[in-house]
Amino acid sequence: MRKIAFGPIANNKSRILILGTMPSEESLRKQERYGHKSNQFWKIVFILFDKPLPDNYDEKIKLLTDNDIAIWDVLHSCEGSGSLDSNIKNEKPNDFKKFFKQYPQIKHIFFTSKKAEEFYKKYVGFDKERIYTTLPSPSSANARMRLNEKIEKWKILKEASTQI
């Protein structure tokens, strides 16, 4: 069965783009990005911005947009069982040419995994107009790194949000 990702969350103030690979099956079921309860994405972001983690999804998105951060996925659709990036096959990328035409002010891209970076490199490619950074995956599948270690590595996101 083909999985279809969410559209981007971005506005004309967005300067940073966080890119995942593809939403997990649980995220697609809940219709919320990083919706699996064991994924640490939201916990990391709210700790970085020194805010309490809300239960409300709209409030989570508001923290990103209030800090000029857009969010999307590299892939538009794919096949594969489960939610691991390693199970992705027959993938189709999102239309980044159109996206960057609509949001040319985005200058820093953060990948939430090495696989997201690999797919982006394969289908889109890097340019000299933007800065690219790969962060450790917030997924619970990335068990080799503890939460506090991930937070340390993700601090660059907070720094970029204050510089741009």
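It should be noted that the structure appears before, not after, this text.
Treat the numbers as computed from the prediction; the structure is a model and nothing was measured.

Procedures and definitions
Residues numbered from 1 in each chain as written. Predicted model: local features only at pLDDT ≥ 70, side-chain atom pairs only at ≥ 80, totals over all residues. Heavy atoms only, no water. Phe/Tyr/Trp six-rings, centres within 6.5 Å; stacked < 30°, edge-to-face > 60°. Helix = DSSP H or I, 4+ residues; strand = E, 2+ residues; numbered from the N terminus. Buried < 20%, exposed > 50% of the residue type's maximum accessible area, 1.4 Å probe, protein only. Lys NZ or Arg CZ within 6 Å of the ring centre and 35° of its normal. Pairing = 2+ DSSP bridges. Axes fitted to C-alpha atoms, helices over the stretch in contact; angles between N-to-C directions. Contact = heavy atoms within 4.5 Å. Core = buried A, V, L, I, M, F, W, Y, C linked by side-chain atoms within 4.5 Å. Salt bridge = Lys/Arg side-chain N within 4 Å of Asp/Glu carboxyl O.

**Looking at the packing of aromatic side chains**
- Taken as a whole and assessed by the stated rule, the structure comprises 19 aromatic pairs.
- Measuring from centroid to centroid gives 6.4 Å for Phe-119 and Tyr-123, while their planes differ by 20 degrees, and the two rings are stacked. Placement of the pair is Phe-119 and Tyr-123 together in helix H5 (residues 114-123), with a separation of four residues, close to one helical turn.
- The exposure class assigned to Phe-119 is buried, which follows from its relative accessible area of 6%.
- Taken together, the aromatic side chains of Trp-72, Phe-96, Phe-99, Phe-100, Tyr-103, Phe-111, Tyr-120, Phe-126 and Tyr-132 make up a single cluster linked through ring pairs.
- For the cation-ring pair, Lys-115 lies above Phe-119, with the distance from its terminal atom to the ring centre recorded as 5.1 Å.
- Sitting over the ring of Phe-100, Arg-130 keeps its end group 3.7 Å from the ring centre.

**What about the pairing of strand E4 (residues 75-79)?**
- Sheet topology places strand E1 (residues 3-4) next to E4; two bridges connect them, and they run antiparallel. Bridged to Lys-3 within E4 is Cys-78.
- Bridging between E4 and strand E5 (residues 89-93) involves three bridges; their strand directions are antiparallel. Counterpart to Ser-77 in the pairing with E5 is Lys-92.

**Re the sheet that holds strand E6 (residues 108-111)**
- Sheet architecture is open: four strands sit in the order E3-E2-E6-E7, paired in parallel fashion. Lying at the two open borders of the sheet, with one neighbouring strand each, are strand E3 (69-73) and strand E7 (131-134). Adjacent strand axes in the sheet meet at a mean angle of 20 degrees when their direction is disregarded.
- Here strand E2 (residues 16-20) pairs with E3 via five bridges, running parallel. Opposite Ile-18, over in E3, you have Ile-71 as the bridge partner.
- Against the sheet, H5 touches E2, E6 and E7, its axis set at about 125 degrees to E6.

**A short note on the nonpolar core**
- The biggest cluster of nonpolar side chains holds 22 residues, and the ones touching the most others in it are Ile-18, Phe-41, Trp-42, Trp-154 and Leu-157.
- Elements with a contribution of two residues or more to this core: E2, helix H2 (41-48), helix H3 (57-66), E3 and helix H6 (147-163).
- When residues of this core are assigned to their parent elements, the largest contribution, six residues, is made by H2.
- Sequence-distant contacts of Leu-157, defined by excluding residues within four places in its chain, comprise Ile-16, Ile-18, Leu-48, Ile-69 and Phe-110.
- Residues Leu-19, Ala-70, Ile-88 and Tyr-120 belong to the second largest nonpolar core, which totals 21 residues.

**A closer look at the pattern of salt bridges**
- Applying the stated criterion across every chain, the model contains nine salt bridges.
- A salt bridge links Glu-118 to Lys-115, with the nearest nitrogen and oxygen atoms 3.6 Å apart. One end of the pair is Glu-118 and the other is Lys-115, both in helix H5 and three residues apart, which spans about a single turn.
- Judged by its relative accessible area of 45%, Glu-118 is partly exposed.

**Notes on the sheet that holds E1**
- The strand order across the open sheet formed by three strands is E1-E4-E5, and the pairing between neighbours is antiparallel. Each edge of the open sheet carries a strand with a single partner, namely E1 and E5.

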